[in-house]
Amino acid sequence: MIQAWARSLAVQAATYGSSILGIYNLRDTVAVGPNPKVGPNKLWRLSNIATPAIAAEAGYVTPNVNTVYGFGFMDLSQEPIILTAPDSQGRYYMVEIVDMWDNAFAYAAGKEVGYKGGKYALVGPGWKGELPADVKRIDAPTRWVEIQPRVHVKDQADLEGALKVLDGVTVQGLSEYLGKPALPPLSYNYESPKLAPKVASSQLQFADPLQFWSLFSAAMNENPPPQSQIDAVLPQFKYLGIELGKQWKPENVNPLVLEEMKLAAQEVGTMMDFVGPIVGKPSNGWDIPPANFGAPGADYLTRGINAVLGLTANTTTEAIYYLGAADSNGKLLDGDNAYTITFKGSIPYAQAIPPGFWSVTMYDGVTKLTVPNPINRYSLGSDNDMQKNADGSFTMYLQATSPGKDKESNWLPAPKGPYYLLLRNYAPVAEAVEALRNPNAFPMPPIVEVK
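What you see is a predicted model; the values in this text were computed from it and never measured. (Residues numbered from 1 in each chain as written. Predicted model: local features only at pLDDT ≥ 70, side-chain atom pairs only at ≥ 80, totals over all residues. Heavy atoms only, no water.)

Caption draft 1: Fine view of the nonpolar core. Counting residues in each nonpolar core, the largest one holds 58 residues, and the members touching the most others are F212, W213, F216, I242 and M261. Elements supplying a minimum of two residues to this core: α1 (2-32), β2 (67-75), α5 (211-222), α7 (255-274) and α9 (300-310). The element contributing the most residues to this core is α1, with 15 residues. In contact with F216, other than residues within four places in its own chain, are A13, Y16, G17, I20, L21, W101 and I242. Ranked by size, the runner-up nonpolar core spans 48 residues in total, among them I81, I97, A106 and V169. (Core = buried A, V, L, I, M, F, W, Y, C linked by side-chain atoms within 4.5 Å. Buried < 20%, exposed > 50% of the residue type's maximum accessible area, 1.4 Å probe, protein only. Helix = DSSP H or I, 4+ residues; strand = E, 2+ residues; numbered from the N terminus. Contact = heavy atoms within 4.5 Å.)

Caption draft 2: Geometry of the sheet that holds strand β15 (residues 379-381). Judged by pairing direction, the sheet is antiparallel, and its 6 strands sit side by side in the order β10-β11-β12-β18-β14-β15 without closing on themselves. One side of each edge strand has no neighbouring strand; the edge strands of this open sheet are β10 (281-283) and β15. Recorded for the sheet is a direction-independent mean angle of 25° between the axes of neighbouring strands. One ladder, built from 9 bridges, connects strand β14 (residues 352-364) with strand β18 (residues 419-428); its direction is antiparallel. Directly across from A352, in β18, lies its bridge partner P428. (Pairing = 2+ DSSP bridges. Axes fitted to C-alpha atoms, helices over the stretch in contact; angles between N-to-C directions.)

Caption draft 3: Focus on the packing of α7 against α9. Running from amino to carboxyl end, α7 crosses α9 at an angle of 100°, the nearest separation of the two axes being 8 Å. It follows that α7 is roughly perpendicular to α9 by the angle criterion. Along the contact surface, α7 presents G269, M272 and D273, while α9 presents L301, G304, I305, V308 and L309. Its residues assigned to classes, the contact of α7 with α9 comprises 5 nonpolar, 2 polar and 1 charged. (Parallel < 35°, antiparallel > 145°, perpendicular 65-115°, else oblique. Nonpolar A, V, L, I, M, F, W, Y, C, P; charged D, E, K, R; others polar.)

Take a look at the structure:
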């Protein structure tokens, strides 16, 4: 009985902690680990589209291949960070700002903010001081935040223009911004996650599952959740040895409870992969996401799914993600089979407010990265010149081999084995956003197996 109850609580705690662990692991890769891309309070910019090799290097799950990315972790403990966003001259881009619990709590560019740019001061908890008049204040809920620009790029010929916008997104400390000497950098001694090789870090596959809990404890103590969660959620975790302000240690936990915590940590990544239909609504093989995706508040299951399957996902106002993991009969997608998707009639799920765009991207079911293929095509959407029928409808072909030369413009190459799709709509029309509150408002296009 003790184990059964402890297992239930450990699963809930692992679900709760999966978001901060996903961001913790990404921070290790980008900023503070043994081989960081850049240091804290700097931006690492990908110099090309997220091909399978580049995505694997970034350690970033389910990457968008229609944008070029930037990643930067800002430590706001000393002073505010001034974020400058450029005028993109009409090109779609966003600058998402994410807290350590994987909540997209602010934007410095995008559908709601616009694309003209501006200057913003990211202010950490408890900071007191004066800001210059030419910046807009954004109060961060956690000490560390991640800044993630995404700039739309249509193809390699369009890359130079996209990189120019990406390079225009800059960060600097308040002291430096005011023309004063920069503050001396802090030193960090964070425990590095030891993860399974060739698996995205957000999948939370630790070599020692108990490391999940030690990192969760350390990350939470440094970046506490909102007071409402401290009051209402954290007290129950004391039975797992997890208490705010104290570092979790396995020797302090009842062995029966510890065994259940180990099992929960082993399984939580896979669990978040497969419980998506609980929070979304199925439609012809797709999962329509909940309206609170990207900013789930106290909906910890949605937040966990967000972190494990689509870390740093945007709010649904800014972008909507439709997951396609099964065909219209509910059978999981597999590269041993061929499928078609026919888009016809009114398709609000694939309509964006200019300069927004939409796309369908394919990902390997194991690595969660884009799929190497002979034509180096990872997505199809509004940027592609697909063959259309007389009535304006069009069909995508999902299969491992070519559907024929006459259909290759509409071919999305599949891997051998399991895979999934993500239909993204950046700057979605209001009808699409509103429909998330009523998923029966429109059906998604069926993913049909070709016999």
